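One letter stands for each residue in the lines below.
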Amino acid sequence: MATNMRGLTQFIADIRGARVRELEEKRINKEMANIRKRFKDGNLDGYQKKKYVAKVIFTYILGYKVDIGHMEAVNLISSSKYSEKQIGYLAVTLLMHENSDFLRLVVNSIRKDLNDNNEIHNCLALHAIANVGSREMAEALSEDVHRLLISPTSENFVRKKAALTLLRLYRKHPDVIPVQEWALRIVSIMDDPDLGVVLCVTSLILALAQDHPEAFAISYQKAVDRLNRLVVEHEYAATYAYYKVPIPWLQVKLLRLLQTYPPSDDPTLQVMLQVVLQTIMNNCNEPSRNVQHNNAQHAVLFEAINLAIHIDTNSPLVNTAAVLLARFISSKETNVRYLGLDTMAHLAARTDNLGAIKKHQGTIIISLRDKDISVRRRALDLLYSMCDVDNSELIVGELLRYLKVADYGLREEMVLKIAILTEKYASTYKWYVDTILELLSAAGDHVGEEVWYRVVQIVTNTEDLQAYAAKVVFEYLKSPSSHESLVKVGGYILGEYGHLIANEPGYSPIEQFQVLHSKSQFCMAPTRALLLSTYIKWVNVFPEIKPQLVNVFERYRHVLDVDLQQRACEFYALALRPEEDELLQNVCEEIPPFPPRESALLNRLNKKNAESEDKRPWAHSGNGTLERQPSKMMKKPTLIDTNGHGSNSTGDISQDIASSLAGLDLTSSPVAMQSPSSLSDPSATLAAKGIPRLTAGPNVDRWFDKLAYTADGVLYEDVQIQIGIKSRYQGPVGQVAVYIGNKMSAPLTSFTTALHTEENEALSASFVKIAPSTLAPRTQIQQIVQVECKKVFRKPPILVVSFLAGAHQAIAVRLPIVISKFLEGVKLGPTDFFERWKLIGGPPREAQSIFPISLDATGHIDLAKQRQVVSGHGFQILEGIDPNPSNLVGAGIVHTAVDGKVGCLLRLEPNKEAKLSRITIRSTSEDVASEVQKLVQKPLAAEPSGPGEKRTT
């Protein structure tokens, strides 16, 4: 840069040649005066502006204040020459802060450069936006940055910069970015062939997904697929291999992204992820001598272990990880020890089986004395996380010994953790009191108010502990120096429970008074106030030392502190009242037990550790929550909700068979049409969960309704894509083949298929394998869906197919997987049928409705279609049951994996004259009855032309 401008070169040489600061300032002041004069005179060409602004920038970089050149920098940005535009952008990013008024003048110039076909100009504009990042700039230009990111004509290096610029804008002004609107389009870039682009977009998605997990849920599948291609299939260019590790930065970000979401229920994704994690761990079994190779492998490995712990702490992978971590915490390298301890702390906080970690307890304790404070802090976290009833005394004892020599930055956190562990895992009251008082004695100023508050609560609420606590705290107060927190605890406990030990040798009232009062002169006013409260309690229980106590109150009546003076005056007046006075006795009553409450120590520790920016759902060991079983001594009683479950009503089974099979009554009032609700459009609910709205079209519902009672056919078709279905079911399981064809002459990129099941506890549906990311022109792929019916369900799963074809497109359609697909026909004779029909009875296990029907071209009932629909829904049509040949009677069993078999009976009674039909479904499950009735009725019903039909039962 300077070689093209001799004036700038000479100016820099003069500055460097200045031997003292005064000469440097003199040269700069002279140059600034000349530049100011030149700018004021005007008529400068582009070269001169560039040269003078470059001198101003250099002066600013040296640390001098500059107040000129802003307008000239704005003008340089509008130049068509790269060298001038570069200096202009450099000046804007360095000289102008984000609230500068000059920035308003450059927004249009930056937008012009963003829309320019010159990718160098695009990059300069993106750099300026990312470096300045003002709200006004974000609001005005975020759309243009997003357009550069998703444009197929943008160069890869421009798209990388655009992704990172959006990330910068989101971190500064998250409300400016329309995340929900852009989510699917941004996620589609994870399939880009350029891994550099994928890396930058993954960084952006990682930040967005932490705040908007639902909108970016599909990124979970994309991340698993990309990891599988990198780690298992080795699908990457040689340029992205860093010391034989495939693009470790991307692997780390993808593994961290997966930790943002709860473990997937999709068995295909689970298997792929297990293979990926196992491969990563196998690759790290033998350490390399190359430091860079080890660093890259360890970076990936530790994130992989964190993910394995996040998915399932009882998996074999976690056992393998525990063996690897044991090796790392003994490593000679500080960074490896730190990461090993940190990851093992995560494992200890999540797992129920600490056996593998306890084997290395000695190594962890040694790490408390590591020369690096960050390692010592991680060792503290790990000891806190791995503590349980069995090793609590050893760990707490070690922490107490280390507390006396620990760094001041660690002591407050150590005190909180020791107090929490002591309370939670105390085996005896004696050990609890001894440990807490030793902590109060040793920790000094690092003991917060919450610690001694909690000691007081526990002693007050535990009657067996009170006398022993009074003895021990009295012995501690005998020492020459006692910290003020210990004096507070002693004042409270001796005031409340000193009378329990007053008759024992060495603990007489006068000795208690002398020991406690000797500490008051070294205490602050709040502690002295507490001791005055202790003395008034003693006036009531120790009348033999009343003169000494009254003397103390008399002296404190004249102190300057208002609170102490008021207390002393009030207590003095109380102390002079007669001993049998009820007022004194009422005021000095023993404090009642505290109500159950959450430990303030946990709240304090949670608050202390809540400043982390890591928003992954798993809780780190340092947050103070321990879910393991506490000791029986400290366990609090819990309220158990014992709600009863009423038995199901059996229904009326005395109904006469003849009346239940009576013909359709045509004398009844006109009926209304009820539109089936079970298959209603759930678009609003899906949209709230980040799933695209169901694709609408004239044929979409018709295709779905037909496939509900047929095994194969077209589910969706438009000018770009066709989706077909073939299915087969046996018992509670089924297999659905989804055929997706590309009808265009161009490939569909970023191709993704996903299934969304709202009733996961009742129906499971998953793909056998992940779809390829590109669908070639005029080709078709097959996706197999494994289905299992666990319980009765109402809502079919949603198939979402998304792809890039110019723009990002998403098609969401219901898969024809309904409860009747798991219905198997059963042959019954008349006697068996009537017996079951009567046994099931009427409502609520009967669903019945009357609906209009259409006649065929000859004016007759379309019996062929009715038989096709009934048998297509799984019923066995029973002949010879109903005397009317137009009526249909069917029977079947619905198979479910959890609830077992559910019987189902059907009777369909069409009437040609009225163009009406009555359908009756009886089932041992009222949910099956209502659902099957709606499914069978919908394809048989005529299109409504009047009021809707209503249920008659």
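Below: a short report on this structure. Each chain carries its own residue numbering, running from 1 in the written order of its sequence. At least 70 in pLDDT is required for a residue's local features to be given in this predicted model, at least 80 for side-chain atom pairs to be given and counted, and no such filter applies to totals for whole chains, interfaces and linings, which use all residues. The side-chain quantities take in all heavy atoms of the structure and omit both hydrogens and water.

We now examine empty space enclosed by the protein. Over the atoms, a rolled probe matching the size of one water molecule traces out where space is still vacant. Here a cavity is any set of points on a 1 Å grid over the protein atoms alone where a 1.4 Å probe fits but cannot get out, and a pocket is any open set with protein on both sides within 12 Å along at least 5 of 7 lines; a residue lines the site when it has an atom within 4 Å of a point. Grid points are joined across faces, edges and corners, and a volume is the space filled by probe spheres set on the points. Within the structure shown, the criterion is met by 2 cavities of 30 Å³ or more. Of the volumes computed, that of the largest cavity is approximately 60 Å³. What lines the largest cavity is Asp191, Gln221, Lys222, Asp225, Phe751, Thr752, Thr753, Ile770, Ala771, Pro772 and Ser773. Helix and strand definitions follow DSSP, with helices as H or I runs of at least four residues and strands as E runs of at least two, each counted in order from the N terminus. Elements with a contribution of two residues or more to the lining of the largest cavity: α12 (219-232) and β6 (749-756). Three categories are distinguished: nonpolar for Ala, Val, Leu, Ile, Met, Phe, Trp, Tyr, Cys and Pro, charged for Asp, Glu, Lys and Arg, and polar for the others, with Gly belonging to the last. Each residue belonging to the lining of the largest cavity can be placed in one class, and the counts come to 4 nonpolar, 4 polar and 3 charged.

Moving on, we come to the packing of helix α13 (residues 248-258) against helix α15 (residues 291-311). In the contact formed by α13 and α15, the axes pass within 9 Å of each other and the chain directions differ by 15°. Between α13 and α15, the crossing angle belongs to the class labelled roughly parallel. Along this stretch, α13 crosses α15, giving a crossing that reads as left-handed. On the side of α13, the interface is formed by Pro248, Gln251, Val252, Leu255, Arg256 and Leu258, while α15 contributes Ala296, Ala299, Val300, Glu303, Ala304, Leu307 and His310. Here the contact of α13 with α15 is built from residues that sort into 9 nonpolar, 2 polar and 2 charged. Axis definition: a line fitted to C-alpha atoms, over the contacting stretch in the case of helices. Angles run 0 to 180 degrees between N-to-C directions. With respect to orientation, any angle under 35 degrees is reported as roughly parallel, any angle over 145 as roughly antiparallel, any angle of 65 to 115 as roughly perpendicular, and every other angle as oblique. Should the near helix be turned anticlockwise from the far one by less than a right angle, the crossing is left-handed, and should it be turned clockwise, the crossing is right-handed. Whether two residues are in contact is decided by their heavy atoms: any pair within 4.5 Å suffices.

Turning our attention to the sheet that holds strand β5 (residues 733-742). Note: strands within a sheet are paired through backbone hydrogen bonds, in either parallel or antiparallel orientation. The sheet built from 5 strands is open, its strands ordered β3-β4-β5-β8-β7 with antiparallel pairing. The two strands at the open ends of the sheet, each matched to only one other strand, are β3 (712-717) and β7 (763-767). With direction set aside, neighbouring strand axes in the sheet form an average angle of 25°. Summarising the sheet, strand β4 (residues 721-730) and β5 pair through 10 bridges and their orientation is antiparallel. Residue pairing for β5: lysine 726 is matched across the bridge by alanine 737. Strands pair, by our definition, only if DSSP identifies at least two bridges between them.

A word on helix α6 (residues 103-114). The span you would expect from a helix comes to 1.5 Å times its residue count less one. Its 12 residues place the ends of α6 16 Å apart at the C-alpha level, agreeing with the 16 Å of an ideal helix rising 1.5 Å per residue. Throughout this description, buried means an accessible area under 20% of the type-specific maximum (1.4 Å probe, protein chains only), exposed means over 50%, and partly exposed covers the range between. Buried residues of α6: Leu103, Val106, Val107, Ser109, Ile110, Asp113 and Leu114, and no others. Of the surrounding secondary structure, the elements contacted by the buried residues of α6 are α4 (70-77), α5 (82-95), α7 (119-132) and α8 (135-150).

Next up on the list: the side chain of serine 367. Considering the arrangement of structural elements, one finds serine 367 in helix α19 (residues 361-367). Accessibility expressed as a relative area gives 7% for serine 367, which makes it buried. Excluding residues that lie within four positions of it along the chain, serine 367 makes contacts with Leu341, Val375, Arg376 and Ala379.

The side chains of a regular strand alternate, residue by residue, between the two faces of the sheet. The buried fraction of strand β16 (residues 916-923) is high, at 7 of 8 residues. In the sheet, strand β12 (residues 846-852) pairs with β16 via 7 bridges, with the strands oriented antiparallel. Paired with phenylalanine 851 across the two strands is serine 917, which belongs to β16. In this sheet, β16 lies alongside strand β15 (residues 900-911) in antiparallel orientation, the contact comprising 8 bridges.

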